[in-house]
Amino acid sequence: TKGATQVLPCTLSFDIKRGDDLQLFDSEGELKASLKLDFRGTGEYKLSPEGGDYWLVPYAKDRTLMETLDRMGHFKHFTKMLRHFQFDRALAGLGRKRWQSCGAVAYYPYYACTTEYDQEYEIYYRNAPFTVLAPTDEAVEKMLKELGGGYAPALTVEEYMGLDEGNMAKDMLKYHVIKGHELTTGYRQPNSTLPFVHLPTNRNNSEIVAFGNKEFQSLCVHEDCVEAHTQDEYGCKMQVEWDKCGEDWMNDAGLFSKRELGYCEISCGKCKKSPETCTDVPVTDIKAKNGVLHVLDRVLEVPDVFEEYVPPPPEPEPEPEPASILNRFPTFGDLGLTDEQDNTEETIEDLIELYLSSRRARRTRQAEERRGGVVLDGLGR
C-alpha cells in the first residue's frame, strides 16, 4: 500500500527455517545486517542499538522484567548489578528477602526468633509497575572503560560495584529503574501541559525527562534537565502559578541558581529536545507483566541534585536577664512569693512593717498572759 511503502521500501520472498541466518548486503557486497531466526515464542525483530544485528524482542506480557532481561541475553552486566544489590526481587515480582535466626532462650524448649529484611529492597517494595532503562553489555563496558581512564585498563563490574562503598553503582541503578510509572512512547502525563514527561526517580530529587512520539515509537531521554528549586518557601509550583517563569531573577544564567536555564527549568518547560542534550532510545516499549523495558546504548549519567528549600528553624527566644535588685527593693515576684492579691507596687518595706507589727502583737500577748490577763483578738476570742 501507499502507506506501507514509506516504511517498507521493498518486499522479499524466500524460504527460511528455524536456526537459519538471514544476512543483508548492500549493492557493493558489504554486510549490513544479520538476523538469526529461532522462533522462540512470539515477538518481533528489531535492529540492535549497535546496528548490524537484529534482536528478537519477545512479546513478554506473561513474563516479569527480570525474566525478560535474562531471556534477551544482552544485559548480563546490568542484571548482575541488580542481583548484587538485591533489586532483582522487585523486578521479578517476588516478596521481600528476609532472614530468620532462632536460638534457645531461658524458658527452653521455646525459641526466640528474629527476622531481618534486606534494606535496599525497601526502595522498591510494592511499587510496580516499573520502567527499566536497561543499558546493554556494550554500553556498560564503555562506561567502565571511561572510568578506568585512557592509560589504565577498564574497570571490572566488581570494581565498579565497590566504588564509594557501592553508592555509585546503586545510584546508577536507582536512576535507571523508575518505580510507580510505566513510561512508553505514547505515555502522556496527566494534568500536564509540558512538552515532555517528567518522572521522579529514587535518588533524592533526580528526575527523568523524556520526549516521546507514539506515531514513530520513539523515545528520547534528556540528559541535562534538572530542577533548581527557588530558595524560598513557595517553590517552583507557586512560581508557575504566579507566572514568574519569564522574570529576570528566574533566568539568572546560573548566577545564583547554578543552572544555565535558571530556576525551575522543568516546571517552566524550559528543557528542549536537541541532538546534543537528548539520548535516543534505540529499542522501546518491550512490555512485561510488571512494567516496560527500554534498551539504551549508553549508561545515563546521574545528574546533580538540587535540594528543595527548607526554612531554617526559628531562632530561640533570648533568655530573660535576671532582674537587678541592687538599686531597688525587690517585689513579691523577685522574692519568689505568690499572693492572690499581689500588688507589684508592694516593696520590702511593707514586708518589714508587717513582720514588726506581728512581733509587737506577740510580745503584748505574752506579757498579758504572764500577768493573768485575757487579751481579746479582733474576733472577740
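If you're wondering where the values come from, they're calculated on a predicted model, not measured in any experiment.

Student: How do you make sense of the overall build of the protein when you look at a structure like this?
Tutor: Tallying secondary structure elements over the protein gives nine helices and 14 strands in all. Considering only contacts in the protein between residues 6 or more positions apart, those separated by 24 or more positions represent 54%.

Student: Explanation requested: the sheet that holds strand β10 (residues 207-213) in the structure shown.
Tutor: What holds strands together in a sheet is hydrogen bonding between their backbones, with the strands either parallel or antiparallel. With antiparallel pairing, four strands are arranged side by side in an open sheet as β9-β10-β11-β12. Two strands bound the open sheet, and with one partner strand each, they are β9 (197-200) and β12 (278-280). Along the sheet, successive strands turn relative to each other by an average axial angle of 30°, direction set aside. In this structure, strand β11 (residues 218-222) lies alongside β12, joined through three bridges in antiparallel fashion. For His222, the partnering residue across the bridge sits in β12 and is Cys278.

Student: Just checking my understanding: could you explain a negative patch on the surface for this structure?
Tutor: Residues Glu50, Asp53, Glu138, Glu141, Asp280 and Asp297 make up a contiguous surface patch of negative charge. Along the polypeptide, Asp53 turns up in the loop between β3 (43-47) and β4 (54-58). The class of Asp53 is partly exposed, set by a relative accessible area of 39%.

Student: Hey, could you run me through the packing of aromatic side chains in this one?
Tutor: We describe a pair of aromatic rings using the distance from one ring centre to the other and the angle between the two ring planes. According to the stated counting rule, one finds four aromatic pairs in the structure shown. Where Phe196 meets Phe211, the ring centres are 5.6 Å apart and the plane angle is 70°; that geometry is what we call edge-to-face. Here the residue Phe196 occupies a position in the loop between β8 (177-179) and β9, and Phe211 occupies one in strand β10, the gap between them amounting to 15 residues. With respect to burial, Phe196 and Phe211 carry one shared label: buried. Taking the centre distance of 6.1 Å and the plane angle of 50° together, the rings of Trp249 and Tyr263 count as tilted. With Trp249 in the loop between α8 (235-241) and β12 and Tyr263 in the loop between α8 and β12, this residue pair connects regions lying 14 residues apart in the sequence. Accessibility expressed as a relative area gives 38% for Trp249, which makes it partly exposed.

Criteria and thresholds
- Residues numbered from 1 in each chain as written.
- Predicted model: local features only at pLDDT ≥ 70, side-chain atom pairs only at ≥ 80, totals over all residues.
- Heavy atoms only, no water.
- Helix = DSSP H or I, 4+ residues; strand = E, 2+ residues; numbered from the N terminus.
- Contact = heavy atoms within 4.5 Å.
- Pairing = 2+ DSSP bridges.
- Axes fitted to C-alpha atoms, helices over the stretch in contact; angles between N-to-C directions.
- Patch = residues over 30% accessible without salt bridge, like charges linked within 9 Å, V, L, I, M, F, W, Y side chains within 5 Å.
- Areas by Shrake-Rupley, 256 points an atom, 1.4 Å probe, with all protein chains shown as cover.
- Salt bridge = Lys/Arg side-chain N within 4 Å of Asp/Glu carboxyl O.
- Lys, Arg positive; Asp, Glu negative; His and termini not counted.
- Charge placed at Lys NZ, Arg CZ, Asp CG, Glu CD.
- Buried < 20%, exposed > 50% of the residue type's maximum accessible area, 1.4 Å probe, protein only.
- Phe/Tyr/Trp six-rings, centres within 6.5 Å; stacked < 30°, edge-to-face > 60°.

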